[in-house]
Each structure stands twice: as structure tokens, then as C-alpha cells.
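Coordinate analysis (summary)
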Amino acid sequence: MSLTFHWFLPTNGDSRHVVGGGHGTPATQSGRDRPPTVAYLSQIARAAEDLGFVGALTPTGAWCEDAWLTTAMVSQNTERLKFLVAFRPGFVSPTLAAQMASTFQRQTGGRLLLNVVTGGEGHEQRAYGDFLDKDGRYRRTGEFLQIVRELWQGRTVDLVGEHLQVEDAKLARVPDPVPEVYFGGSSPIAGEIAARHVDVYLTWGEPPAAVAEKIAWIRALAEKEGRGVRFGIRLHVITRDTSEQAWAEARRLLAGFDTETVRAVQAGLARSESEGQQRMLALHGGSSDDLEIHPNLWAGIGLVRGGAGTALVGSHTEVAERIAEYHRLGIDEFVLSGYPHLEEAYWFGEGVLPKLAAQGLWTHPFRTAADAGPTAQVPFAGAGSPRRPT
């Protein structure tokens, strides 16, 4: 089975520096370097599509543009790229969400994937009018997914739950295909919800040993439910022709971290109720020392950014080796990003993907040998797409 790669749409802005934000912290000033216009995001999306990424993740929260609206607009400028839309179940009714997903599928030719984000920050949830505690939010997510999945199967749903209630709920048209549900969470109740309802469990980029533990945990829970779950990982990437060039870029990014910004971001993230976020913070402890926490795994991004805080750093060969290492643990999907997102998509797509293709781990999802002739395994930019800067 070919590995699946997704890219990221920076709906909080992009830059040649790390754009901080997320998990209750605002986007940093660098996000204004390249505003998240539909034109720029479409440029990234088209590049990702040409290179062989299957989908693109869009974040959710007060720090970025709305994922549903943005991807609906960007989808009209692409042909095959799917959109992994992050959304929070507590902000919209399950029936409406099921209907929105169904509409999205019809209008895009079935290019929706859903990233269900329960919400780990109570203060941010309250700003949206959601006053449940963390466990309550997860229990509501379980009820939400139960309703949505039944509606997608064409059933009429009546449910009186602890947090949600619907009566005679039914969709006029069900989605075809049914969107796959992606989900992440490190707390015990998050594991229970994942085991019962999701298709792909996502983890942030922890060292392989920690990732292996998570996979074993979720897999065991899913087996008890009589289900199977696939696994994905969320990482940044800094990949270059040589290891020295890649680490030089990591050092350049690190040099751009203002001390006061790091302090403020770390103070904000310390309030997080998310166990996954606390695990990210523990990888660097707020210090810029000893940031390579596993060969080619760098925790520097997490000094100024909430959520995914680690990056694969190295030569194209080294990054391909680390991807293969995670794959051997059970990871089949990789949700990646890099700064700036347009250029880094090309560094990865033209540098790493051909090496994985040569190992038989990846094939371009949109091209065949007949399409591309002797270069079929090598991703390339389509006509009119910008090439990777030299």
C-alpha cells in the first residue's frame, strides 16, 4: 500500500519564518508576511496537487481563517486535491454538519476529509459560547459522531444524549463518498472516542517510541470495539539536498525566535488542557538547547507554535529514512507542513517523494506511467505552477 501524504494550508498566514499561534495563542506577526488570501492558498494547493499530496489540512480556531469557507473557495481552483477540514463539533449542530459535508462532497466531486477537533482550551471554547469541561466536550464529540455517521448512512435519527438531542433528523441527500473522519487526542477519553468512531487516528510528531505506544493503545481499544483504525502523524519538514543545508535552515528559523515571543507563547501554552500539547511542551521544556530529540526530529517549532511542534530535519535521504521508520510502526498517513509552505512543498515533493517511490513506499496518486513516461515516479509542477526557488 502506498503511503499517503497531505500538506497544510496556512490559513493563519505564511512566512519565511515560523508563524506561531494555535491552542489559545494568537498568530505571530510573521503571519502577515504572506496573508492567507484565496489566491495564495490556491497556489499552495495547486502545487501540492501536482506534487502528489492527496489532501491539505486546514486548522481551526480564533487564530486563523474559517476552514469550511476557505476550503470551499480554494477547492474551486483545484481538481483532485482533497481538503482535511478541521472543525469543532460543539460549534454547529450534528445535522447541519452532516448536511454541510454532504454538500461539500457533491460540489467538489468527493474531496472532503474531516478532522474532528474536540478543543483542548477551555478559555478559547468559552469565547465561542461553549462552557463544557474537557471530558464533557469529548462525550459530546462521541454523540456528535454517532449522529453524523448514522445520517450519512441514510438513517432517520432520534437521539437524546447527555449533551445533544435530535428528533426525526434525516438528510435529503447523503454524501458520496462518505467523508473519512480524522481525529487526535492523548487523554483516556479521547482514546475511547477514537476507537468507536474514527477512521484515522492522528498523533503529533513525538519520538518513535512514544508514537509506538500510542498506536498500540488505540489499536487495542479499537479491537475491543470490533473496529480497525488507520494511523497518521502530523509533522513539519525541513528537507534539503544535504543534511548541512537542512540544519542551517533550522538554525536560521531558530535565530528568528524573539526571546519575549517564546516566553509569551510558552506561558500561554502552559495553560493548555490538552494532554497532547503538554507532551509537545515536554519535548523542549521551553529551552532552545538539545532540540534534536531523536535523529532528524527537531522540537524547535514548538517554542513559538501551538499544536504540532516538531519537524523532520535532514537531507532528502535522511527524511525518507525517518518516514520509513514511522511507517514500520504503523503510520500510513503523513500530514506535513513547512515554512514557507509553497517552497517547502517543492523541497519535499521533489526531494523526498522520489526516494520513497524508489523504495516502493509511495506512488503518485494522480499520475501513471502512461501520463508521465519515464519520469512517472518523480513529482513535478504542472504548467504555470511556480518552481522551487533556487
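Remember, it's a predicted structure, so these values are computed and weren't measured experimentally. (Residues numbered from 1 in each chain as written. Predicted model: local features only at pLDDT ≥ 70, side-chain atom pairs only at ≥ 80, totals over all residues. Heavy atoms only, no water.)

Once that is clear, we can look at the overall build of the chain. Within the chain, the regular secondary structure consists of 14 helices and 13 strands. By the compact-globule yardstick of 21 Å for 390 residues, the chain fits well, its C-alpha radius of gyration being 20 Å. Out of the 390 residues in the chain, the part that is buried amounts to 60%. The contacts of the chain with a sequence gap of at least 6 include a subset with a gap of at least 24, amounting to 74%. Only carbon and sulfur atoms are counted for the fraction: they give 50% of the accessible area of the chain, which is about 15,500 Å². Of the side chains in the chain, 38 bear a positive and 45 a negative charge, and the two mean positions are spaced by 2 Å. (Helix = DSSP H or I, 4+ residues; strand = E, 2+ residues; numbered from the N terminus. Rg over C-alpha atoms; globule rule 2.2 N^0.38 Å. Buried < 20%, exposed > 50% of the residue type's maximum accessible area, 1.4 Å probe, protein only. Contact = heavy atoms within 4.5 Å. Areas by Shrake-Rupley, 256 points an atom, 1.4 Å probe, with all protein chains shown as cover. Lys, Arg positive; Asp, Glu negative; His and termini not counted. Charge placed at Lys NZ, Arg CZ, Asp CG, Glu CD.)

Here we come to the pattern of salt bridges. In total, this model carries 18 salt bridges according to the counting rule given. The closest approach of N and O atoms between Asp130 and Arg140, which form a salt bridge, is 2.6 Å. Here Arg140 lies in helix H5 (residues 134-152) and Asp130 lies in the loop between helix H4 (122-127) and H5, a separation of ten residues in the sequence. Accessibility assignment for this pair places Asp130 and Arg140 in one class, buried. (Salt bridge = Lys/Arg side-chain N within 4 Å of Asp/Glu carboxyl O.)

A few words on empty space enclosed by the protein. In the structure shown here, the tally under the stated rule is one cavity of 30 Å³ or more. What lines the largest cavity is a set of 40 residues, among which His23, Asn115, Val117, Trp204 and Gly307 lie closest to the centre. Here the residues of the lining of the largest cavity are counted per class, giving 13 nonpolar, 19 polar and eight charged. (1 Å grid on protein atoms, 1.4 Å probe; cavity = no way out; pocket = protein on both sides within 12 Å on 5 of 7 lines; lining within 4 Å. Points joined across faces, edges and corners; volume = space filled by probe spheres on them. Nonpolar A, V, L, I, M, F, W, Y, C, P; charged D, E, K, R; others polar.)

So, on to the packing of helix H1 (residues 38-51) against helix H12 (residues 341-351). If you want to describe how two helices pack, look at the angle between their axes and the distance between the axes. As a packed pair, H1 and H12 sit with axes 9 Å apart at the nearest point and diverge in direction by 5°. In terms of their interaxial angle, H1 and H12 are classed as roughly parallel. The residues of H12 that touch H1, namely those facing Tyr40, Gln43, Ile44, Ala47 and Leu51, are His341, Leu342, Ala345, Tyr346, Gly349 and Glu350. Class assignment of the residues belonging to the contact of H1 with H12 gives a composition of seven nonpolar, three polar and one charged. (Axes fitted to C-alpha atoms, helices over the stretch in contact; angles between N-to-C directions. Parallel < 35°, antiparallel > 145°, perpendicular 65-115°, else oblique.)

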